[in-house]
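Here is what each chain is made of, one letter per residue.
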Amino acid sequence: MQRVGWIRIGALGDLLVGLAGLKETLERWPEARVSVIGSRLWLQILQPGFWPQIDRVVVVEKRAVAAEVYELAFNEREGPAVWRRREMLAGHTLRREFKSGYGVVVNTRVDSPRQGFPAFLGGVPERWGAADGLARLIYNKRGSHYGKDPLLHERDVALLLMDEADGVISRDTSGLQSRIGASPRIAKWRKLGLPSPRSLSFESAHRITGEKFYFAVNPTSSRREKAWPSHAFRELLLKLRGEGCFQNIVPIVLGAPNETDWLKEVAGDDFRIVQPPTIGELFDVLAGAAFLLTNTSSVQFIAASTGTKTITLMGRARPEIWGPLGPDDEIVQGREPDGLESIFERERLAYEAILTEDVAASVRRMIAAEGKRGLK
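Presented here is an overview of the structure given in this document. (Residues numbered from 1 in each chain as written. Predicted model: local features only at pLDDT ≥ 70, side-chain atom pairs only at ≥ 80, totals over all residues. Heavy atoms only, no water.)

Okay, the overall build of the protein next. Looking only at helices and strands, one finds 16 helices and 14 strands in the protein. For 376 residues, the compact-globule estimate of 2.2 N^0.38 gives 21 Å, and the C-alpha radius of gyration of the protein, at 22 Å, lies within 12% of that figure. The principal-axis extent of the C-alpha atoms belonging to the protein is close to 65 × 60 × 40 Å. Counting the 376 residues in the protein, one finds 53% classified as buried. In the form shown here, the protein has an accessible surface area of approximately 16700 Å², with 50% of it arising from carbon and sulfur atoms. Positive and negative side-chain charges in the protein, numbering 52 and 47 respectively, have mean positions lying 4 Å apart. (Helix = DSSP H or I, 4+ residues; strand = E, 2+ residues; numbered from the N terminus. Rg over C-alpha atoms; globule rule 2.2 N^0.38 Å. Buried < 20%, exposed > 50% of the residue type's maximum accessible area, 1.4 Å probe, protein only. Areas by Shrake-Rupley, 256 points an atom, 1.4 Å probe, with all protein chains shown as cover. Lys, Arg positive; Asp, Glu negative; His and termini not counted. Charge placed at Lys NZ, Arg CZ, Asp CG, Glu CD.)

Attention now goes to empty space enclosed by the protein. In total, this model carries one cavity of 30 Å³ or more according to the counting rule given. Counted as a void, the largest cavity has a volume near 40 Å³. Taken together, Leu46, Gln47, Phe50, Trp51, Ile54, Trp83 and Pro197 make up the lining of the largest cavity. (1 Å grid on protein atoms, 1.4 Å probe; cavity = no way out; pocket = protein on both sides within 12 Å on 5 of 7 lines; lining within 4 Å. Points joined across faces, edges and corners; volume = space filled by probe spheres on them.)

So, on to the packing of helix H10 (residues 230–243) against helix H11 (residues 260–267). Interaxial distance between H10 and H11 falls to 7 Å at its minimum, and their mutual angle equals 40°. Classified by the angle between their axes, H10 and H11 sit oblique to one another. On the side of H10, the interface is formed by Ser230, Phe233, Arg234 and Leu237, while H11 contributes Trp262, Glu265, Val266 and Ala267. Its residues assigned to classes, the contact of H10 with H11 comprises five nonpolar, one polar and two charged. (Axes fitted to C-alpha atoms, helices over the stretch in contact; angles between N-to-C directions. Parallel < 35°, antiparallel > 145°, perpendicular 65-115°, else oblique. Contact = heavy atoms within 4.5 Å. Nonpolar A, V, L, I, M, F, W, Y, C, P; charged D, E, K, R; others polar.)

With that settled, consider the sheet that holds strand S14 (residues 330–333). One open sheet holds the six strands; their spatial order is S11-S10-S9-S12-S13-S14, and the pairing between them is parallel. Each edge of the open sheet carries a strand with a single partner, namely strand S11 (272–274) and S14. Pairs of neighbouring strands in the sheet enclose a mean axial angle of 25°, with direction left out of account. Of the pairings in the sheet, the one linking strand S9 (residues 214–218) to strand S10 (residues 250–254) comprises four bridges and is parallel in character. Following the sheet pairing, Val217 is matched in S10 by Val253. (Pairing = 2+ DSSP bridges.)

Running from N to C, helix H12 (residues 279–288) and helix H13 (residues 299–306) cross one another at 65°; their axes reach a closest spacing of 9 Å. Accordingly, the angle class assigned to the pair H12 and H13 is roughly perpendicular. Our pair here, H12 against H13, has a crossing hand that is right-handed. Residues Leu282, Phe283, Leu286 and Ala287 of H12 form the contact with H13, whose own contacting residues are Val299, Ile302, Ala303, Ser305 and Thr306. (Left-handed = near helix turned anticlockwise from the far one by under 90°.)

Have a look at this one:
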């Protein structure tokens, strides 16, 4: 049976937007065994056995020097599947991994060919990817996009690559927008958002949150400059509570276990704080939410994979690259100031420019829509 390697390396958001490309890979080679190759976070994102074709996760360092292999395993009584680390000799590398019988490797990291070289040097027959200059020769199934154009969403980069390498669309079609418009995979996932890599439990969501009808407010980000200010989130929630918007639905203030102080700035003693301890439980909480209000962050992509509508607050980030992915999602974007060299300062001021009333209007619309169609 053929083995296919699928490469996606990066932070959590980079991995999540790759889920559509991963699902397309499983459908492109339905009889193959698939190895997901990349960041250690894949062990938390992918529920073991949910996509049975994926029976291996290969964890690599950024330079693809060291690799750890985790294989799909069951306990003695065929209980829940787990990712179990395989014992290996020291010095296992991605190149050595590819020499062990891979027929295809798809590298979705198109802004850097580094992860493509081990497949070339390992003699993998089909090597899918995109690169410029002489590096393009490491691939014999190529796309034309190198990850630098600002008008292609990160989710769609891998989808365009697959359609071009598959010969579905021509790399010679003039203009990126023409190629995007001709891509059936991009058209498909613009309707679907993202697939879920795990089963979702509403029972778990209600147990974790203590609520049945709720929407999630995620006020945090990787840095303070990349978030709407805490006082603005709090002002919004208090304002809407005063209007009676929360009569049939309540907000929960959602974040990671290490973000307690930040979350308390928003929630105070007035709103419930929920901090799921695992990524799997975070998926459940978002699946159970009526909708999500968040900054530009990985949480919006988890929501997309659970089918939960999102209001995304954006600073200087381009919606075309990092915007929300659901067909009913909304964006509220601040205005980036001119004349400042620091991108961090421009980001902070762009977020501060977002008006509370504009966000409140989006939240009211979402609550009204949920009331019309019936809450989860």
